[in-house]
Amino acid sequence: MTSLPQVAPRIAKLTALSIGVALLATACGGSSTPTSTGSATAKAAGIACPAPSATGSATTAAGAGGSVPASPETTETALKIGSLLPTTGSLAFLGPPEIAGVNLGIKEINDSGGVLGKPVEVTHRDSGDTKTDIATQSTTALLGQGVGAIVGAASSGVSKTVINQITGAGVVQFSPANTSPDFTTWDDKGLYWRTAPSDVLQGKVLGNYMATCGAQTVGMIVLNDAYGTGLAKNVKAAFEAAGGKVVAEELFNEGDSQFSSQVDKVIAAKPDAIALITFDQAKSIVPLMTGKGIKPTQMFLVDGNMSDYSKDFQAGTLKGAQGTIPGTFAKDDFKKKLLAIDPALKDYSYAGESYDAVNLIALASEAAKSTKGTDIAKQLKAVSETGEKCNDFPSCITLLRNGKDIDYDGQSGPVTFSDAGDPTEAYIGIYEFQDDNTYKPAKEEFGKL
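Here goes a summary of the coordinates provided. Note that this is a predicted model, so its numbers are computed, not measured.

Once that is clear, we can look at helix α11 (residues 393-401). Of all nine residues making up α11, nine are buried, and the element is well covered by its neighbours. Taken together, the buried positions of α11 are occupied by F393, P394, S395, C396, I397, T398, L399, L400 and R401. Among the structural elements, α1 (95-111), α9 (351-368), β14 (388-390) and β15 (406-410) are those in contact with the buried residues of α11. Of the residues one or two after α11, G403 is the one with positive phi, at around 85°.

Here we come to the nonpolar core. Ranked by size, the top nonpolar core spans 63 residues in total, and within it M210, M220, L276, I277, M289, M299 and F300 carry the most contacts. The leading source of residues in this core is helix α4 (residues 199-212), at six residues.

On to the packing of aromatic side chains. Going through the model one piece at a time under the given rule, you end up with 14 aromatic pairs. Relative to F259, the ring of F252 has its centre 5.1 Å away and its plane inclined at 85°; by these criteria the two rings are edge-to-face. Judged on exposure class, the residue F252 and its partner F259 are both buried. Here the aromatic rings of F329 and Y431 are separated by 5.0 Å at their centres, their planes lie at 70°, and the arrangement is edge-to-face. With F329 in the loop between β13 (322-326) and α8 (332-341) and Y431 in strand β17 (residues 425-433), this residue pair connects regions lying 102 residues apart in the sequence. When sorted by exposure, F329 lands in the same class as Y431, which is buried. An aromatic cluster of at least three residues, connected via ring pairs, comprises Y309, F313, F329, Y431, F433 and Y439.

Taken as a whole, this structure holds twelve salt bridges when the rule is applied. With a shortest N-O distance of 3.0 Å, E366 and R401 are connected by a salt bridge. Taken together, the residues span a long stretch of sequence, with E366 in helix α9 and R401 in helix α11 at a distance of 35 residues. Grouping residues by exposure puts E366 and R401 together as buried. Across the pair D407 and K389 runs a salt bridge, and its minimum N-O distance is 2.9 Å. In this pair, D407 sits in strand β15 while K389 sits in strand β14, placing the two residues 18 residues apart along the sequence.

Further remarks concern the packing of helix α2 (residues 134-144) against helix α3 (residues 156-168). Axis separation between α2 and α3 bottoms out at 9 Å; the angle between their running directions is 30°. Relative to α3, the element α2 is oriented roughly parallel. The handedness of the crossing between α2 and α3 comes out as right-handed. Taken together, the residues of α3 that come into contact with α2 (itself represented by A135, T136, T139, T140 and L143) are V158, T161, V162, Q165 and I166. Per-class residue counts for the contact of α2 with α3 are five nonpolar, five polar and no charged.

Here we come to the side chain of S71. Relative to the helices and strands, S71 is located in the loop between β3 (47-49) and β4 (80-85). Take S71: its relative accessible area is 16%, and that puts it in the buried class. Polar side-chain contacts of S71 include one of 2.6 Å to the backbone oxygen of E73. A polar side-chain atom of S71 sits 2.7 Å from a polar atom in the side chain of E366. Each residue touching S71, except ones within four places of it in the same chain, is listed here: L116, G117, E366 and R401.

To continue, consider α1. Residue pairs spaced three or four apart in an α-helix point in one direction, given the helix's 3.6 residues per turn. With 17 residues, α1 extends 24 Å from end C-alpha to end C-alpha; this agrees with the ideal 24 Å at 1.5 Å per step. In terms of burial, α1 is a largely internal element, twelve of the 17 residues being buried. Buried within α1 are the following residues: G95, P97, E98, I99, A100, G101, V102, L104, G105, I106, E108 and I109. Buried positions along α1 lie against β4, β5 (121-126), β6 (149-152), α8, α9 and α11. Looking at the residues trailing α1, positive phi occurs at G113, about 100°.

Rules and cut-offs
Residues numbered from 1 in each chain as written. Predicted model: local features only at pLDDT ≥ 70, side-chain atom pairs only at ≥ 80, totals over all residues. Heavy atoms only, no water. Buried < 20%, exposed > 50% of the residue type's maximum accessible area, 1.4 Å probe, protein only. Helix = DSSP H or I, 4+ residues; strand = E, 2+ residues; numbered from the N terminus. Contact = heavy atoms within 4.5 Å. Core = buried A, V, L, I, M, F, W, Y, C linked by side-chain atoms within 4.5 Å. Phe/Tyr/Trp six-rings, centres within 6.5 Å; stacked < 30°, edge-to-face > 60°. Salt bridge = Lys/Arg side-chain N within 4 Å of Asp/Glu carboxyl O. Axes fitted to C-alpha atoms, helices over the stretch in contact; angles between N-to-C directions. Parallel < 35°, antiparallel > 145°, perpendicular 65-115°, else oblique. Left-handed = near helix turned anticlockwise from the far one by under 90°. Nonpolar A, V, L, I, M, F, W, Y, C, P; charged D, E, K, R; others polar. Polar contact = N/O pair within 3.5 Å; in protein donor to acceptor, adjacent residues only side chain to side chain. Expected span 1.5 Å × (residues − 1).

Pasting the structure below:
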């Protein structure tokens, strides 16, 4: 059995991050000071990650009480929102929480009287993945129905196949999960927006976190697409800036089913830690690694493969492995609302970002007094900044209809857009897998871009 070498304990040489990451913020987001409760986790091959902070059961601030005033403006054309989210393909596990987030947002909007005097209409379509042409077909169908905005896709690679089609039609594309840095400079006519932060942030958090765990060398197995290579680039830059070295970086393509070559080459480099930057290919890669003596505490996953593996692996297979997901932890009150929408939910990844996307589209539509995509886009930045704080549609629309300027902060954390449609600040959650191969929140880190 091959195992990774023991490494003398050390203090990682962390450099100051230009993005201003406040390390180890508590789950409530109230402090950037780490707590010292519990014992250190992920002890293997010289790795000893900081102990998890207490996460509690934080809730978001209550929305405005009382009835919601009627809209002073009305529209003949109802706001139509489409969703382009995965129900098939390598990211299908992300579909249920994202769709639930969309549906919860739509319900609360319509329970509050809708937008511009009419209920908001929603149509869901599958995005598939980059191995198929499902996204193009779904986009064509949604545009044919006259939607003003489309929430999706989840995959950066999929979004690249439809972004020009959507924005070229004058429709807002609003992704809850795209993290490729490429979209920051995309020629999207001001119509592409996202609530998930660029992988510049997730990459820096993960790279630095592995260094704080004592890893001096890292191997990476990376999906060869916009998401995988972009994230890997930022993980590598942060880890090396912290004094570490990436000793192996093996790529694979979407659709590949054999990963023995990549696994063998990474293990041969004898890294202290291994970053798996994949989608559901992790279901095949993890058993190959553990079968060759790699300890789960040496594995670091990312949002593309952070999932419930309780039905895929034997108990304990992933115990102690950790991973990152952009966004703040889903709070208990929000989970309850999502479960009322979809009682079968087990994962909550990007549910908050999807919920926030719908709310922001609706609020921008009301502010624009229009359901046209080009008009909505012009108001999205305004409803996200420099106004009175609010965090759900009823409280925000009440302020807006009373003539107030609003600053929407949602379930995914603070939302303040740049001119490019990117969040300028965000949380990255760090999670740890349990004996049953499900994961629980460990820490949150806050950063600005």
